[in-house]
Amino acid sequence: MDGQEDWPWWYWGSDYPKEQWPFLRKSVLFSGDQRRTFSSPGELNALLDPQVRRELRAAEDLLETKKAELGEQCWNSNGTSSTWRSLDASNTWMTLGQALQSSEARQALRNCIHAKNAQEPEAVSFLYNLLSFKGCNSRGPDSQFRVRGGTQALPLRLQRRLGAVKLRHEVTGVRSAQDGVMLSIRGRKPLRARAAILTGPPPAILKMEFDPPLKGLDAQWLQRMPMGTSLKLAAVYEQGPWWRHLGLQGDILSLAPGNWSLPAPDEKLPLFVQCMDHSPYSQQIGVIVCFLEGRQNLYFTQLPPAEQQRLFVDFLAHALGPEAQSFEPSFVSHNWADQPFARGAYTGFFPPGVISVPSYWAAFQQMEKLPNVFLAGSDYHLGFGNGYIEGAIRDGQRAAQKVALRLGERVVV
């Protein structure tokens with residue numbers, strides 16, 4: 001187990017904290033035409049072709065230069081500096097991809113941006129990604145904690161604390177006034193409140209009818225914040241996490257397609273690039289989850305369910321062992337783009353040329369969109385945690401404090 005070396009900038013797998021490294025089993029990497037295993041950053045780097053390592057180091061040097069150019073600017077920027085605008089003028093592929101020539105180095109960058117934005121690097125502003133690489137959004141291992149009962153345990157616990165929580169109440173309209181708000185609910189009576197905090201992603205917000213209408217600037221930047229494209233596909237084994245007995249962590253990464261690639265003209269791109277052990281704390285069942293994002297998602301979701309499951313299990317058998325097939329798993333899938341209140345992924349992103357427009361940036365920073373109507377969420381959060389559950393919690397606290405101040409009440413968060 002190598003000492004203090006961190007996971008590299010391009011790493012798109014489960015980011016375990018260092019104190020857990022001695023207990024990790026082997027993760028699987030598909031590189032070249034081989035299946036290989038690793039359990040630490042040093043072991044992972046040693047598996048790469050020397051040319052791939054050199055190119056990724058060159059990209060890292062370029063990334064450090066760009067981070068230095070950004071200086072102390074993070075979400076606190078006023079969005080008007082020449083550096084800020086220059087860094088927002090291109091996408092991540094144009095900026096970092098220029099240092100990458102080999103197919104596996106390029107795939108590492110593509111996988112990295114999939115993990116951040118559930119989208120292709122050609123679509124994402126380099127400045128938007130640079131804020132993440134610089135540590136404006138997170139520091140330390142992203143995968144340090146899991147929530148017993150799943151992340152749904154958090155709102156379920158809040159529901160028990162709050163009491164009445166209305167589900168299946170689709171808000172179709174928001175009427176704002178100085179003395180409060182009225183929410184139109186599809187098929188139900190309207191709801192009245194002194195203030196409202198809206199937390200949906202841009203597609204859900206833009207579906208609502210506002211009275212008075214949202215300001216043009218707010219409508220414009222919301223239109224320019226698309227969602228990523230992500231499918232979460234799970235194989236569920238009644239036998240429990242059997243791969244652990246084989247010395248495997250359950251994490252699978254791919255830099256090369258092997259027998260599982262996209263069709264032409266993307267036949268050099270692997271279909272499955274990231275899978276992980278998602279078994280519950282009880283270990284009563286074993287769960288392997290794979291994320292298919294960007295182009296992989298668009299291709300895979302067009303296949304019949306039986307073909308999806310066949311490809312998935314074949315890949316797991318190649319990565320983990322024949323038990324992946326012989327144990328006959330059941331399947332659960334969730335494609336965010338199919339969900340009418342998500343329409344994309346678990347996160348959004350900004351393309352080039354949006355957050356460097358001062359008017360858009362100023363509108364994005366304003367939480368109160370109409371009198372007593374506030375917009376909050378992980379992707380709207382101005383500060384540490386943007387794009388993460390951390391950011392959703394912090395932004396929810398900030399919105400609650402603003403509402404409490406408006407209502408002249410004390411809030412405990």
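Up top is the structure these notes are about.
So, here's what we can say about the structure. Here, residues in each chain are numbered from 1, in the same order as that chain's written sequence. Note on the predicted model: pLDDT of at least 70 is required for a residue's local features to be given, and 80 or more for side-chain atom pairs to be given and counted; whole-chain, interface and lining totals, by contrast, use all residues. With hydrogens and water stripped out, all remaining heavy atoms of the structure feed into the side-chain values.

## Remarks on the sheet that holds strand S7 (residues 209-211)
Alright, step 1. Strand order in the open sheet formed by four strands is S5-S4-S3-S7, and the pairing between neighbours is mixed. Two strands bound the open sheet, and with one partner strand each, they are strand S5 (191-193) and S7. For this sheet the average axis-to-axis angle between neighbouring strands, irrespective of direction, equals 15°.
Alright, step 2. At least two DSSP bridges between two strands are required for those strands to pair. Runs of H or I in DSSP of at least four residues are treated as helices and runs of E of at least two as strands, each being numbered from the N terminus. One ladder, built from six bridges, connects strand S3 (residues 171-177) with strand S4 (residues 180-185); its direction is antiparallel. Bridging from a neighbouring strand, arginine 175 pairs with methionine 182 of S4. Working convention: axes come from line fits to C-alpha atoms, limited for helices to the stretch in contact. Angles between N-to-C directions cover 0 to 180 degrees.

## Comments concerning the state of the cysteines
Alright, step 1. Pairs of cysteine sulfur atoms within 2.5 Å are what we label disulfides. Evaluation of the coordinates by the stated rule reveals two disulfides.
Alright, step 2. At a sulfur-sulfur separation of 1.9 Å, the disulfide partner of cysteine 74 is cysteine 136. Looking down the S-S bond of the cysteine 74 and cysteine 136 bridge, the torsion is -70°, so its handedness is left-handed. Of this pair, cysteine 74 sits in the loop between helix H2 (50-70) and helix H3 (82-87) while cysteine 136 sits in the loop between helix H6 (126-133) and helix H7 (153-162), and the two are 62 residues apart along the sequence. Here cysteine 74 matches cysteine 136 in class, with each residue buried.
Alright, step 3. Linked covalently through their sulfurs, cysteine 275 and cysteine 290 form a disulfide whose S-S length is 1.8 Å. Exposed residues in this analysis have more than 50% of their type's maximum accessible area, buried residues have under 20%, and partly exposed residues fall in between, with area computed by a 1.4 Å probe over protein chains only.

## Looking at the nonpolar core
Alright, step 1. Counting residues in each nonpolar core, the largest one holds 65 residues, and the members touching the most others are Trp9, Leu56, Ile205 and Trp221.
Alright, step 2. By residue number, the principal contributor to this core is H6, which donates six residues.
Alright, step 3. If we skip the residues at most four places from it in the chain, tryptophan 9 touches Leu56, Ala59, Glu60, Leu63, Leu96, Leu109, Cys112 and Phe133.
Alright, step 4. In this structure, Trp243, Leu248, Ile288 and Leu316 belong to the second largest nonpolar core, which totals 29 residues. Residue types Ala, Val, Leu, Ile, Met, Phe, Trp, Tyr and Cys, when buried and joined through side-chain atoms within 4.5 Å, form a set referred to as a nonpolar core. Whether two residues are in contact is decided by their heavy atoms, any of which lying within 4.5 Å being enough.

## A short note on the layout of surface pockets
Alright, step 1. Think of a 1 Å grid over just the protein atoms. A cavity is a set of points where a 1.4 Å probe fits yet cannot get out, a pocket is an open set with protein on both sides within 12 Å along at least five of seven lines, and lining residues have an atom within 4 Å of a point. Grid points are joined across faces, edges and corners, and a volume is the space filled by probe spheres set on the points. Its boundaries defined by the atoms lining it, the second largest pocket holds a volume of some 240 Å³.
Alright, step 2. Lining the second largest pocket are Trp93, Gln101, Ser103, Arg106, Gln107, Arg110, Pro265, Asp266, Glu267, Lys268, Leu269 and Arg295.
Alright, step 3. Each residue is assigned to one class: nonpolar for Ala, Val, Leu, Ile, Met, Phe, Trp, Tyr, Cys and Pro, charged for Asp, Glu, Lys and Arg, and polar for all the others, Gly among them. Counted by class, the lining of the second largest pocket contains three nonpolar, three polar and six charged residues.

## Some remarks on the sheet that holds strand S10 (residues 274-277)
Alright, step 1. Across the sheet, which stays open at both edges, the seven strands sit in the order S2-S1-S9-S10-S11-S8-S12 with mixed pairing between neighbours. Looking along the sheet, the strands with just one partner apiece sit at the ends: strand S2 (34-38) and strand S12 (330-335). Here the strands of the sheet are splayed against their neighbours by 20° on average, with no regard to which way each runs.
Alright, step 2. Pairing of S10 with strand S11 (residues 286-293) involves four bridges; the strand directions are antiparallel.

## Comments concerning the packing of aromatic side chains
Any two aromatic rings considered together are summarised by their centre-to-centre distance and by the angle between their planes.
Alright, step 1. To pair, rings of Phe, Tyr and Trp, with the six-membered ring standing in for Trp, must have centres within 6.5 Å; the planes then decide the type, stacked if under 30 degrees apart, edge-to-face if over 60, and tilted in the middle. Per the stated rule, a full pass over the model turns up 26 aromatic pairs.
Alright, step 2. Judged by centre distance (5.8 Å) and plane angle (75°), the rings of tryptophan 9 and phenylalanine 133 are edge-to-face. Of the two residues, tryptophan 9 is situated in the segment before strand S1 (26-31) and phenylalanine 133 in helix H6; the sequence distance between them amounts to 124 residues. Residues tryptophan 9 and phenylalanine 133 agree in their burial class; the two are buried.
Alright, step 3. Between tyrosine 237 and tryptophan 243 the ring centres are 6.1 Å apart and the planes differ by 70°, which places this aromatic pair in the edge-to-face class.
Alright, step 4. The class of tryptophan 243 is buried, set by a relative accessible area of 0%.
Alright, step 5. Ring pairs connect the aromatic residues Trp75, Trp84, Tyr128, Trp221, Phe350, Trp361, Phe364 and Tyr380, which therefore count as one cluster.

## Here's the deal with unusual backbone geometry
A negative phi holds for most residues other than glycine; trans holds for most peptide bonds.
Alright, step 1. For the peptide bond that leads from aspartate 211 to proline 212, omega is 0°, which places it in the cis range.
Alright, step 2. The linkage connecting alanine 264 with the following residue, proline 265, adopts the cis geometry, with an omega of 10°.
Alright, step 3. Relative to the assigned elements, proline 265 resides in the loop between strand S9 (248-254) and S10.
Alright, step 4. Not every positive phi belongs to a glycine, and glutamine 283 is a case in point at roughly 60°.
Alright, step 5. Positionally, glutamine 283 belongs in the loop between S10 and S11.

## Comments concerning the pairing of S1
Alright, step 1. Of all six residues in S1, five are buried, a share of seventy percent or more.
Alright, step 2. Bridge analysis of S1 against S9 gives four bridges, and the strand direction is parallel. Within S9, the residue paired with leucine 29 across the bridge is leucine 253.
Alright, step 3. Pairing analysis gives five bridges linking S1 to S2, with the strands arranged antiparallel. Looking at the pairing, valine 28 lines up with threonine 37 of S2.
Alright, step 4. Linking S1 back to S2 in an antiparallel pair, the connection comprises two residues, with glycine 32 at a positive phi of about 60°.

## Regarding helix H14 (residues 389-407)
The periodicity of an α-helix, 3.6 residues per turn, causes residues three or four positions apart to be oriented the same way.
Alright, step 1. Here H14 contains 19 residues, and its C-alpha end-to-end distance of 27 Å stays within 8% of the 27 Å for a straight helix at 1.5 Å per residue.
Alright, step 2. When H14 is considered as a whole, its buried residues turn out to be Gly391, Asp395, Ala399, Val403 and Ala404.
Alright, step 3. Those residues of H14 that are buried are in contact with strand S6 (196-198) and strand S14 (373-375).
Alright, step 4. Just beyond H14, the residue with positive phi is glycine 408, at close to 70°. What a helix is expected to span follows from its residue count: subtract one and scale by 1.5 Å.

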